[in-house]
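In case you want the letters, here they are:
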Amino acid sequence: MSLKLRNTLTRRLEALQPITPGEVRMYTCGPTVYDTAHIGNMRTFIFEDLLRRYLLYKGFKVIQVMNITDVDDRTIERAIGEKRPLADLTEHYTQRFREDISRLNIQSTEYMPRATEFIPQMVEGIKVLLEKGHAYKTPEGSVFFDVSSYPAYGQLAHLDPQQLRTGERVVDDNYEKDEARDFALWKARKPSDGDYAWPSPWGEGRPGWHMECSIMSTHYLGDHFDIHCGGVDNIFPHHENEIAQSRCMRETPFANLWLHSEHLIVDGQKMSKSLGNCHTLEDVLRQNYSPEAIRYTLLSTHYRQKLNFTFAKVQESQKALNRLRELVRRLEEVEGTQEEAGIQAPDKAVEDALDNDLNISGALGAIFNWARELFNLLDEHKLSARSAGESLQALQRYDQILGVIYFNLEAELPDDLAALIREREEARQAQDWKRADAIRETFLTRGILLEDTPTGTIWKKA
Ligand code: AMP
Ligand code: ZN
């Protein structure tokens, strides 16, 4: 079956038909590096990682670009507020972002450009829009996109054309739908911008946020590419404006499929810096939750459903994961000639679910049903070494998509705890159960569960 994805532009499920057969070119809006990203942002990046991994699993070559927004209203405001050079600030948060995504097992993209590396190309793009009559200059040296020059404006966000306040202007990078009007392509330098201005034929200034993604996407992916992603808050104004600029600059369709993931919410509200209800990855890890449980939590709800964040959910995720890891361990122990039960791995069910707009719950459901059957067969000693080996291979295959089972599996225990496990084994051999139990308690307070198996003591996150 072919992969069907829900296109925000048409509001329909559409089959992915790559422009170049066998290759998918996609652009995913990256972080604005003015602060540490929160786990709400990470939900969107994990959805994009799931899409990327599934495309790779299906055998496509993937060329993915994720930009770093290192110049916009927020980054400049923060740099000036903190009296810190902009490049210093953005470099710091870019590194933090790279660390966070790698801690969540989000794969690196083929390209990760920074907006400040592309300002001359943005200036060229704005020149084209001026020449074609889609933009106009203001006396102070800014350039605005004229939304009335592009009749399809509002298609992505479903704007009512009556709502458009043509001829009126909005300078901010982000604003609400009811403020839809001409938006800034180039912002003339203001005193509050400090030193952060670049040259242009219209005087010093800086590009608008939307222009950045129009230029960086097509630079790497060509004027017409397959998929453009982001969170739902990117639909308007960011992606609406990107489409308007790009189509008017080059008169090509720009991106074929527009995918948007729903928000991570807290008590019914979007997790966001401005509401002060966010957790960074660091915050959550510090409370002894594992990165793989956080990844599982953010991954396991369908991307178009809101996901309410709770720590209880992270604990449930850890349990689900532990069950799959337990399965790996039990399957690895199977040896000799046990009965052949002939159990089939659920490749088809997993692929059918994911082909249907990345229905992750369906895919996980199929995996867990199969795992339950495997546990039963293992308990009854009805699984041959060959079937166990094939089942392990299937788990490895599914984990190429999920990135949670084998990731961090071999995580090292801190030295002091590793020594304590040895001490507990000695206590058990000496039948000093009191000491053994006390050590188990110590582990529990550190969020780790010890389990005694016939082949020795194993540990896992509680
Ligand atoms: P920003 O750094 O604000 O540009 O956001 C980076 C990405 O995170 C964008 O694709 C946003 O749509 C997405 N995002 C922001 N807040 C949330 C949230 N609470 N849940 C899911 N995605 C979000
Ligand atoms: Zn963008």
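Going by the structure above, here's the rest.
Okay, so let's go over this structure. Each chain has its residues counted from 1, running along the sequence as written. Key to labels: chains lettered from A, ligands numbered from 1, both in the order written. Only residues with pLDDT of at least 70 get local features here, since the model is predicted, and only at 80 or more are side-chain atom pairs given and counted; chain-wide, interface and lining totals rely on the full set of residues. Excluding hydrogens and water, the side-chain figures rest on all heavy atoms present in the structure.

### Quick word on the overall build of the chain
Then, in step 1: A run of DSSP states H or I qualifies as a helix once it reaches four residues; a run of E qualifies as a strand once it reaches two. Both are numbered from the N-terminal end. The number of helices and strands found in the chain is 14 helices and 16 strands.
Then, in step 2: Within the chain, buried positions represent 55% of all 462 residues.
Then, in step 3: Excluding contacts between residues fewer than 6 apart, the proportion of contacts in the chain whose partners are at least 24 apart in sequence is 73%.
Then, in step 4: Carbon and sulfur atoms make up 47% of the accessible area of the chain, which totals about 20,400 Å².
Then, in step 5: Each charge sign in the chain was given a centre, from 57 positive and 72 negative side chains, and these centres are 2 Å apart. Working definition: with a 1.4 Å probe on protein chains only, accessible area under 20% of the residue-type maximum means buried, over 50% means exposed, and in between means partly exposed. In what follows, a contact means two residues having at least one pair of non-hydrogen atoms within 4.5 Å. Residue burial considers only the protein chains on display, and all accessible areas are found by Shrake-Rupley using a 1.4 Å probe. Charge counting treats Lys and Arg as positive and Asp and Glu as negative, with His and both chain ends excluded. Where a charge lies is defined by one atom per residue type: Lys uses NZ, Arg uses CZ, Asp uses CG and Glu uses CD.

### Description of the pattern of salt bridges
Then, in step 1: Basic side-chain nitrogens of Lys or Arg form a salt bridge, by our definition, when they fall within 4 Å of a carboxyl oxygen of Asp or Glu. Going through the model one piece at a time under the given rule, you end up with 40 salt bridges.
Then, in step 2: With a closest N to O distance of 2.9 Å, arginine 304 and aspartate 357 form a salt bridge. Pair noted here: arginine 304 is in the loop between α8 (291-299) and β14 (307-308) and aspartate 357 is in the loop between α10 (347-355) and α11 (360-379), with a separation of 53 residues, a long-range link.
Then, in step 3: The class for arginine 304 is partly exposed, based on a relative accessible area of 36%.
Then, in step 4: Of the charged contacts in the structure, one is a salt bridge between arginine 329 and glutamate 326, with a shortest N-O distance of 3.4 Å. Here arginine 329 pairs with glutamate 326, and both are found in helix α9 (residues 311-333), just three residues apart, close to one helical turn.

### Let's talk about the coordination of the zinc ion (ligand 2)
Then, in step 1: At this site the zinc ion (ligand 2) is bound by Cys29 (SG), Cys213 (SG) and His238 (NE2), with donor distances of 2.0 to 2.2 Å.
Then, in step 2: For the zinc ion (ligand 2), the donor residues sit on a single chain with the sequence spacing C-x183-C-x24-H. Pair noted here: cysteine 213 is in helix α5 (residues 209-221) and histidine 238 is in helix α6 (residues 235-250), with a separation of 25 residues, a long-range link. For the pair shown, cysteine 213 and histidine 238 are each scored as buried. Each metal's donors are the N, O and S atoms found within 2.8 Å of it, except that Na, K and Ca use a 3.2 Å limit; water is left out, so coordination can look incomplete.

### Here we look at the nonpolar core
Then, in step 1: Buried Ala, Val, Leu, Ile, Met, Phe, Trp, Tyr and Cys residues that are joined via side-chain atoms within 4.5 Å together make up what is termed a nonpolar core. Judged by nonpolar contacts, the single largest core of 131 residues is most densely connected at Leu51, Leu55, Tyr153 and Ile227.
Then, in step 2: Looking at this core element by element, the count peaks at 12 residues for α11.
Then, in step 3: Here this core gathers at least three residues from each of two domains, domain 1 (4-261) and domain 2 (269-402).
Then, in step 4: Excluding residues within four positions of it along the chain, isoleucine 227 makes contact with Leu5, Leu16, Val24, Arg25, Met26, Tyr27, Leu51, Leu55, Leu257 and Leu259.
Then, in step 5: In terms of nonpolar packing, the next biggest core, distinct from the first, is built from eight residues, Leu420, Ile421, Ile439 and Ile448 among them. Domain delimitation follows an automatic or database domain assignment.

### A look at the site of ligand 1
Then, in step 1: Consider each residue's heavy atoms; a residue with any of them within 4 Å of a molecule or strand counts as near. Close contacts around ligand 1 come from 18 residues, with Gly40, Thr44, Asp233, Leu264 and Met271 the closest.
Then, in step 2: Burial of ligand 1 by the surrounding chains reaches 94%, relative to a free accessible area of 490 Å².
Then, in step 3: Sorting the residues of the shell around ligand 1 by element identifies α1 (39-57) and β10 (225-231) as the ones contributing at least two each.
Then, in step 4: When residues of the shell around ligand 1 are assigned to their parent elements, the largest contribution, four residues, is made by α1.
Then, in step 5: Class assignment of the residues belonging to the shell around ligand 1 gives a composition of four nonpolar, 10 polar and four charged. As a working rule, the residues Ala, Val, Leu, Ile, Met, Phe, Trp, Tyr, Cys and Pro are called nonpolar, Asp, Glu, Lys and Arg charged, and the rest polar, with Gly in that last group.

### Comments concerning the environment of glutamate 282
Then, in step 1: With respect to the helices and strands, glutamate 282 occurs in helix α7 (residues 281-286).
Then, in step 2: Remark: the alpha-carbon pair of glutamate 282 and lysine 382, spanning 100 residues in sequence, is separated by 44 Å.
Then, in step 3: Setting aside residues up to four positions removed in sequence, glutamate 282 forms contacts with Arg96 and Arg103.

### Here we look at the packing of α1 against helix α12 (residues 385-402)
Think of two packed helices as two axes; the pair is described by the angle between the axes and how far apart they sit.
Then, in step 1: Axis definition: a line fitted to C-alpha atoms, over the contacting stretch in the case of helices. Angles run 0 to 180 degrees between N-to-C directions. Their axes nearest at 7 Å, the elements α1 and α12 cross at an angle of 140°. As the angle between them shows, α1 and α12 are arranged oblique. Contacts from Leu50, Arg53, Tyr54 and Tyr57 of α1 reach α12 at Arg397, Asp399, Gln400 and Ile401.
Then, in step 2: A breakdown of the residues in the contact of α1 with α12 according to their chemical character gives four nonpolar, one polar and three charged. An angle below 35 degrees is treated as roughly parallel, one above 145 as roughly antiparallel, one from 65 to 115 as roughly perpendicular, and anything else as oblique.

### What about the sheet that holds strand β12 (residues 264-266)?
Then, in step 1: Taken in spatial order, the three strands line up as β13-β12-β14 in an open sheet, and their pairing is mixed. Of all the strands in the sheet, the pair left with one neighbour each is β13 (269-270) and β14. When DSSP finds at least two bridges between two strands, those strands are taken to pair.

### Describing the pairing of strand β4 (residues 61-66)
Then, in step 1: Most of β4 is tucked away: five of the six residues are buried.
Then, in step 2: Taken together, the six bridges between strand β3 (residues 23-28) and β4 define a ladder with parallel strand orientation. Residue glutamate 23 lies in a different strand from β4, and its bridge partner there is lysine 61.
Then, in step 3: Orienting the strands away from the viewer, one traces the path from the first strand over the helix to the second; a clockwise path indicates a right-handed crossover. Considered for its hand, the β-α-β crossover made up of β3, α1 and β4 is right-handed.

Function-wise, these values are silent; they only describe arrangement.
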